[in-house]
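# Results of the structural survey
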Number of protein chains: 4
Amino acid sequence: MKVLPQQPQTFRTSIPVRFADCDPAGIVFYPRYFEMFNSVVEDWCAQALGMSFRDMHLQHGIGLPTVHLETDFIAPSELGDVLQAELTVEKIGGASMSIVIRLLGAGNDERVRAKLVLAMMDLRARCAIALPPELRASAALFCIAEPDN
Amino acid sequence: MKVLPQQPQTFRTSIPVRFADCDPAGIVFYPRYFEMFNSVVEDWCAQALGMSFRDMHLQHGIGLPTVHLETDFIAPSELGDVLQAELTVEKIGGASMSIVIRLLGAGNDERVRAKLVLAMMDLRARCAIALPPELRASAALFCIAEPDN
Amino acid sequence: MKVLPQQPQTFRTSIPVRFADCDPAGIVFYPRYFEMFNSVVEDWCAQALGMSFRDMHLQHGIGLPTVHLETDFIAPSELGDVLQAELTVEKIGGASMSIVIRLLGAGNDERVRAKLVLAMMDLRARCAIALPPELRASAALFCIAEPDN
Amino acid sequence: MKVLPQQPQTFRTSIPVRFADCDPAGIVFYPRYFEMFNSVVEDWCAQALGMSFRDMHLQHGIGLPTVHLETDFIAPSELGDVLQAELTVEKIGGASMSIVIRLLGAGNDERVRAKLVLAMMDLRARCAIALPPELRASAALFCIAEPDN
């Protein structure tokens, strides 16, 4: 059965730019954006998909590592900025999904845009496994395209 | 003139333990606690002392580096824990202050206790300077002892 | 005048996987790979291009931020692994260059492959500027294609 | 049996200050010093004590977390500095040891001095256990005082 929302949802959260995030040029050091992305994915899983990273790792022995990403760093962000993060789902496969994360400044100006492919993994066997059905169904509400079957 | 509150205030904030904070043992990697401390100090300065790190660094050319610290790591914290941070001031000098930060678990159990000495610095000259009077007065509201004069 | 090597060079360095790099699954947390990439670029600039990040930032007021990247995380790396990094240049433009970084395991197995676009920036004006000619000439020795003119 | 060297050894390693280590003031962000300390301890365990963190965690199910530390940040370190780290042992107990780490600049000037208490832990049971005898004996070679018995 397909789960196809009429209007895909966007997951939103805000992220302060901390002193710890900034480099000698006074702007966010780009590896720190990936920590921000990871925290957005964590919040999305816990708050919108009903399965926290803690549950995945400690209870189910599964994880959701990033296996591919593409990122454009469009404009720098400074210490004290509060970034708005927006997450949508581009595509859901059997064992993975493609998501898009955008970070915006106070004036809705785009700072960073990224596409990430997240794969569901069995942590012990270190192999890909199918996305849990409930998580898949919840993620589909954020998806702009029809999921694969 | 002395600023001496009857009952010193405690600055409180909450800090989620992120995947990025945890090590292969599944608990917070201790250097990450210091990033948490720094974010507590940032929030305290911006919200309670009326001078953000951004203002200090970009407008005033000053900073508030940690010059000494002592820390007890009492019990480990796990992925998904939400820590309660409590900050009080132990002593205020002319160019520095001693603060105490405690991180507590959900059951008010102590996880980490730290004493930090923060010094006010001129960033260009790289020398200690007097605490700005307004910041000093605001910090004194969190102080358990009478400030030096 | 064109600088076109017959056989492009590869810049190589080795990177130990530290405890600090690893997540609760016992493998490298992917944002840490970007810190590794940045250190490879730092070493390449200092050792092969004749201009360290310190020189760029402190003497010349310029920087070399990453403005775009694509990364495939092919296989996980564990605590204690020593990764071999290989850097080559794919294309050199007027104000930017595309580089490829590969991280390999002990058996020459590919772990991570990334393409990064680095742009030369004036740090004060925050705008793109031309690559310094000496740096450009040195970088061309690592380039598989003829530089633009 | 006591292991008591006439002249205690010092473990030495060098640590470059990376772009990733530096803050908007252009100097090392203090939490990064603790990552440096951790890498010094990792190298000491692997190279001098005969038991790497990988062996501890993956083979033996033990770890060596820091349970207490005191640190003086004496002078700032800049991007591009190469710090010399020196590690000695101050005291060895049954399940823990106190070590001293100093970071020096190029002119042997002291930048950071820290005392850390490391405890041997069973990672599953999360309780303190006795230091393995071989590791204890090797550590004693770096100790300025006679170990407890």
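I will try to describe carefully the structure that is included in this document.

Quick notes on the rules
- Residues numbered from 1 in each chain as written.
- Chains lettered and ligands numbered in written order.
- Predicted model: local features only at pLDDT ≥ 70, side-chain atom pairs only at ≥ 80, totals over all residues.
- Heavy atoms only, no water.
- Phe/Tyr/Trp six-rings, centres within 6.5 Å; stacked < 30°, edge-to-face > 60°.
- Helix = DSSP H or I, 4+ residues; strand = E, 2+ residues; numbered from the N terminus.
- Buried < 20%, exposed > 50% of the residue type's maximum accessible area, 1.4 Å probe, protein only.
- Pairing = 2+ DSSP bridges.
- Contact = heavy atoms within 4.5 Å.
- Buried area = accessible area lost by both parts, 1.4 Å probe.
- Salt bridge = Lys/Arg side-chain N within 4 Å of Asp/Glu carboxyl O.
- Polar contact = N/O pair within 3.5 Å; in protein donor to acceptor, adjacent residues only side chain to side chain.
- Nonpolar A, V, L, I, M, F, W, Y, C, P; charged D, E, K, R; others polar.
- Core = buried A, V, L, I, M, F, W, Y, C linked by side-chain atoms within 4.5 Å.
- Least-squares fit on C-alpha atoms with pLDDT ≥ 70 in both.
- Axes fitted to C-alpha atoms, helices over the stretch in contact; angles between N-to-C directions.

### Topic: the packing of aromatic side chains
All names here are of chain B.
- Considering all chains together, one arrives at 42 aromatic pairs over all chains under this definition.
- With a centroid separation of 6.2 Å and an interplanar angle of 85°, the aromatic rings of Phe 34 and Phe 73 are classed as edge-to-face. In this pair, Phe 34 is assigned in helix α1 (residues 30-47) and Phe 73 in strand β3 (residues 66-73), connecting sequence segments 39 residues apart.
- Exposure remark for Phe 73: the relative accessible area of 11% places this residue in the buried category.
- Look at Trp 44 and Phe 142: their rings are 5.7 Å apart centre to centre, the planes differ by 90°, and that puts the pair in the edge-to-face class. Here Trp 44 is found in helix α1, whereas its partner Phe 142 is found in the segment after α3 (133-140), with 98 residues between them in sequence.
- For Trp 44, a relative accessible area of 0% corresponds to the buried category.

### Focus on the pairing of strand β4 (residues 82-92) of chain C
Residues and elements named next belong to chain C.
- The pairing of strand β1 (residues 11-16) with β4 spans 6 bridges and is classified as antiparallel. Paired with Thr 13 across the two strands is Ala 85, which belongs to β4.
- Two strands pair when backbone bridges link them, and β4 and strand β5 (residues 96-104) are joined in this way by 8 bridges, in the antiparallel orientation. The residue of β5 that forms the bridge with Lys 91 is Ser 98.

### Overview of the interface of chain D and chain C
- In this complex, chain D contributes 18 residues to the contact, which on the side of chain C involves 17 residues.
- Summed over both sides, the interface of chain D with chain C buries roughly 1500 Å², with 47% coming from carbon and sulfur.
- Sorting the residues of chain D by area buried against chain C places Arg 18, Phe 19 and Arg 54 of chain D first, and these three jointly supply 36% of that buried surface.
- For the salt bridge of Asp 81 of chain D with Arg 54 of chain C, the shortest nitrogen-to-oxygen distance reads 2.9 Å.
- There are 14 residue pairs in polar contact (both at pLDDT 80 or more) connecting chain D and chain C.
- Here the residues of the side of chain D that touches chain C sort into 6 nonpolar, 4 polar and 8 charged.

### What about the pattern of salt bridges?
- Summed over the entire model, instances satisfying the criterion amount to 56 salt bridges over all chains.
- A salt bridge links Arg 18 of chain B to Asp 43 of chain A, with the shortest nitrogen-to-oxygen separation between them at 2.8 Å. Residue Arg 18 of chain B is found in the loop between β1 (11-16) and α1, and its partner Asp 43 of chain A is found in helix α1 (residues 30-47); the two belong to separate chains.
- Under the relative-accessibility criterion, Asp 43 of chain A is labelled buried at 14%.
- Each of Asp 21, Arg 32 and Glu 35 of chain A together with Asp 21, Arg 32 and Glu 35 of chain B takes part in salt bridges that share partners, so that together they form one network.

### Quick notes on the nonpolar core
- Ranked by internal contacts, the top residues of the largest apolar core, which has 184 residues, are Trp 44 of chain A, Trp 44 of chain B, Trp 44 of chain C together with Trp 44 of chain D.
- Apart from the residues lying within four places of it in its own chain, the contact partners of Trp 44 of chain B are Phe 11, Leu 49, Leu 87, Val 89, Met 97, Ile 99, Ala 139 and Phe 142 of chain B.

### Structural notes on the relation of the copies chain D and chain C
- Structural alignment of chain D on chain C gives an RMSD of 0.0 Å, achieved by rotating through 180° and translating 0.0 Å along the axis. Such values leave the two copies arranged in the relation of a two-fold axis.
- Of all interface residues in chain D, 94% are interface residues in chain C too; the two copies therefore contact each other through one and the same surface.

### Notes on the interface of chain C and chain A
- Facing 24 residues of chain C, the contacting portion of chain A comprises 24 residues.
- Carbon and sulfur atoms make up 57% of the area that chain C and chain A hide from each other, which totals about 2100 Å².
- Among the residues of chain C in contact with chain A, Tyr 30, Leu 69 and Arg 126 of chain C are the three that bury the most area, contributing 26% of the side total.
- Our count for the chain C to chain A interface comes out at 2 salt bridges.
- A salt bridge links Glu 78 of chain A to Arg 126 of chain C; its shortest N-O distance comes to 3.0 Å.

### Notes on the relation of the copies chain C and chain A
- When chain C is fitted onto chain A, the two copies agree to an RMSD of 0.0 Å after a turn of 180° and an axial shift of 0.0 Å.
- Here 100% of the interface residues in chain C have copies in chain A that are interface residues too; the copies meet face to matching face.

### Let's talk about the sheet that holds strand β3 (residues 66-73) of chain A
- If you trace the 10 strands from one edge of the open sheet to the other, you get β1(A)-β4(A)-β5(A)-β6(A)-β3(A)-β3(C)-β6(C)-β5(C)-β4(C)-β1(C), paired in antiparallel fashion. On the outer flanks of this sheet lie β1 (11-16) of chain A together with β1 of chain C, each paired with one strand and no other. Each strand of the sheet is rotated relative to its neighbour by a mean of 20°, with strand direction disregarded.
- For β5 of chain C and strand β6 (residues 110-119) of chain C, the ladder comprises 9 bridges, and the chain directions are antiparallel. Looking across to β6 of chain C, one finds that Leu 104 of chain C is bridged to Glu 110 of chain C.
- Helix α3 (residues 133-140) of chain A contacts β4 (82-92) and β5 (96-104) of chain A of the sheet and is inclined by roughly 115° relative to β4 of chain A.
- Contacts from helix α1 (residues 30-47) of chain C reach β3 and β6 (110-119) of chain A together with β1, β3 (66-73), β4, β5 and β6 of chain C, with the element oriented near 120° to β5 of chain C.

### Concerning unusual backbone geometry
Residue and element names in this part refer to chain C.
- Although it is not a glycine, Asn 108 sits at a positive phi angle of roughly 65°.
- Considering the arrangement of structural elements, one finds Asn 108 in the loop between β5 and β6.
- Here the phi dihedral of Arg 126 falls at roughly 55°; this positive angle occurs in a residue that is not glycine.
- Inspection of the secondary structure assignment puts Arg 126 in the loop between β7 (121-122) and β8 (127-128).

### Structural notes on the pairing of strand β6 (residues 110-119) of chain D
Residues and elements named next belong to chain D.
- Most of β6 sits inside the fold, with 8 of its 10 residues counted as buried.
- Across 7 bridges, strand β3 (residues 66-73) lies against β6 in antiparallel orientation. The residue of β6 that forms the bridge with Leu 69 is Leu 116.
- What sits between the antiparallel neighbours strand β5 (residues 96-104) and β6 is a turn of 5 residues, in which Asn 108 has the positive phi angle 65°.

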